[in-house]
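Spelled out from the first residue to the last, the chains are:
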Amino acid sequence: MPELSVEQFQSLSQQIYQRLGLHFDEKKIYFLKTRVAKRMAALGIDETKDYIFKLNYSDPEGKEMQALANLVTTNETYMFREYEQLQAFANYCLPEVLSAKQARGERTLRIWCAGCSSGEEAYTLAMIVQEVFPQAQSWDCKIVATDIDENMLSHVKAARYGERAVADVPDEYLQKYLIENDEDWLVRPRTVALVEIRHLNLHDRTAMRSMRGFDFVFCRNVLIYFDDLSRKAVIDHFYNALNPGSYIFLGHSESVGRVTTAFRLKRFESHLVYVKE
Ligand SMILES: C[S@@+](CC[C@H](N)C(=O)[O-])C[C@H]1O[C@@H](n2cnc3c(N)ncnc32)[C@H](O)[C@@H]1O
């Protein structure tokens, strides 16, 4: 495997940080080395310095950074992950937002699943929406699933999952929203139709500014790979993307409060959620 010196690691991790917002500390040197080795083999580059040069000065359209991004992201996910949060969404937040919309005569619902990986979370949200709100099909209702990793987005498109991905799906939902096919499970077309897939880098300001009018943002288990500064920038964008009275859900270890005071913490029985006032 080609060598990666500490200086080269620093140069690479700085590039990755600037373009993707992902923060790699020196403990990740071996991880990055193996990923870079893969890219170098694919490109037929022998010297690490030549690869770094290409990434820094000879990648005008960002194609090589995209190829590297596909290798350095962590994509762990499964359906109905962090069930308690989903209960708060299903039992309190979603009904509240829907009745406010109905009272105003609105018939649109927009949910952004940011950092959707292979799509399990987006389809989980689509199942919950249909369950809580059977009229969803007659509304203009979309779950916008975005990720930087192109390979993951093709999994979202395929909407085909193995046993591990569906292990936590309640039985009733499994029968209703998925179809068993060979060893796998296919998401039923009605549920697939609610999910719109988009490639989006959370660190791309222009792309982030185009995201507006959302009623919910789910960005769970994504910002743990960012540092405080890049996390704050992303959360500020989420704030602008949300309508007043809308909710943001981050992963358990990623409190919004640490980086911004813009959202208000709200309690529904034992559940704590963040709302934009
Ligand atoms: C661990 S997965 C989380 C999946 C899902 N949200 C969940 O909680 O199960 C993290 C995802 O964030 C994506 N990601 C990381 N950095 C990103 C960036 N700068 N822009 C968009 N997506 C990013 C990764 O590609 C990966 O699929």
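On a predicted model such as this, the values are computed, not experimentally measured, just so you know.

**Q** Got a minute to help me understand the sheet that holds strand 4 (residues 178-181) in this structure?
**A** Whenever strands of a sheet pair, they do so through backbone hydrogen bonds, lying parallel or antiparallel. Ordered in space as 3-5-4, the three strands form an open sheet in which the pairing is antiparallel. Sheet topology places strand 3 (160-161) and strand 4 at the edges, where each strand pairs with a single neighbour.

**Q** Sorry if this is basic, but what is going on with the site of the ligand here?
**A** In the vicinity of the ligand lie 21 residues, with Thr77, Arg81, Glu121, Asp147 and Asn221 positioned nearest. Between Asp147 and the ligand, the recorded distance is 2.6 Å, taken from a side-chain N or O atom to an oxygen atom. Here a nitrogen atom of the ligand sits 3.3 Å away from a polar atom, N or O, in the main chain of Ile148. Here the shell around the ligand is built from residues that sort into seven nonpolar, eight polar and six charged.

**Q** Help me out: how do you make sense of the sheet that holds strand 10 (residues 271-275) in this one?
**A** Taken in spatial order, the seven strands of this open sheet run 6-2-1-7-8-10-9, and their pairing is mixed. Since the sheet does not close on itself, it has two edges, and those belong to strand 6 (195-199) and strand 9 (264-268), each with one partner. Strand-to-strand twist of the sheet, defined as the mean angle between neighbouring strand axes without regard to direction, takes the value 25°. As judged from the seven bridges shared by strand 1 (residues 108-114) and strand 2 (residues 140-147), these two strands associate in the parallel manner. For Leu109, the partnering residue across the bridge sits in strand 2 and is Cys141. Sitting on the sheet, helix 7 (residues 150-158) is in contact with strand 2 and strand 6, with an inclination near 165° to strand 6.

**Q** Looking at this structure, how should I read the packing of helix 1 (residues 6-20) against helix 2 (residues 29-43)?
**A** The angle between the axes and the distance between the axes are what describe a pair of packed helices. Where helix 1 contacts helix 2, the axes come no closer than 11 Å and their chain directions differ by 80°. Relative to helix 2, the element helix 1 lies roughly perpendicular. On helix 2, the residues touching Val6, Phe9, Leu12, Ser13 and Ile16 of helix 1 are Ile29, Leu32 and Val36. Considering only residue class, the contact of helix 1 with helix 2 consists of seven nonpolar, one polar and no charged.

**Q** What is the right way to look at helix 4 (residues 63-72) in this model?
**A** One turn of an α-helix holds 3.6 residues; hence residues three or four places apart share an orientation. Taken across its 10 residues, helix 4 has eight buried, putting it largely inside the fold. Residues of helix 4 that are buried: Glu64, Met65, Gln66, Ala67, Leu68, Ala69, Asn70 and Val72. On its buried face, helix 4 sits against helix 1, helix 2, helix 3 (48-57), helix 7 and strand 6.

Thresholds, definitions, all that
Residues numbered from 1 in each chain as written. Predicted model: local features only at pLDDT ≥ 70, side-chain atom pairs only at ≥ 80, totals over all residues. Heavy atoms only, no water. Pairing = 2+ DSSP bridges. Helix = DSSP H or I, 4+ residues; strand = E, 2+ residues; numbered from the N terminus. Near = heavy atom within 4 Å. Polar contact = N/O pair within 3.5 Å; in protein donor to acceptor, adjacent residues only side chain to side chain. Nonpolar A, V, L, I, M, F, W, Y, C, P; charged D, E, K, R; others polar. Axes fitted to C-alpha atoms, helices over the stretch in contact; angles between N-to-C directions. Contact = heavy atoms within 4.5 Å. Parallel < 35°, antiparallel > 145°, perpendicular 65-115°, else oblique. Buried < 20%, exposed > 50% of the residue type's maximum accessible area, 1.4 Å probe, protein only.

Geometry only, nothing functional implied.
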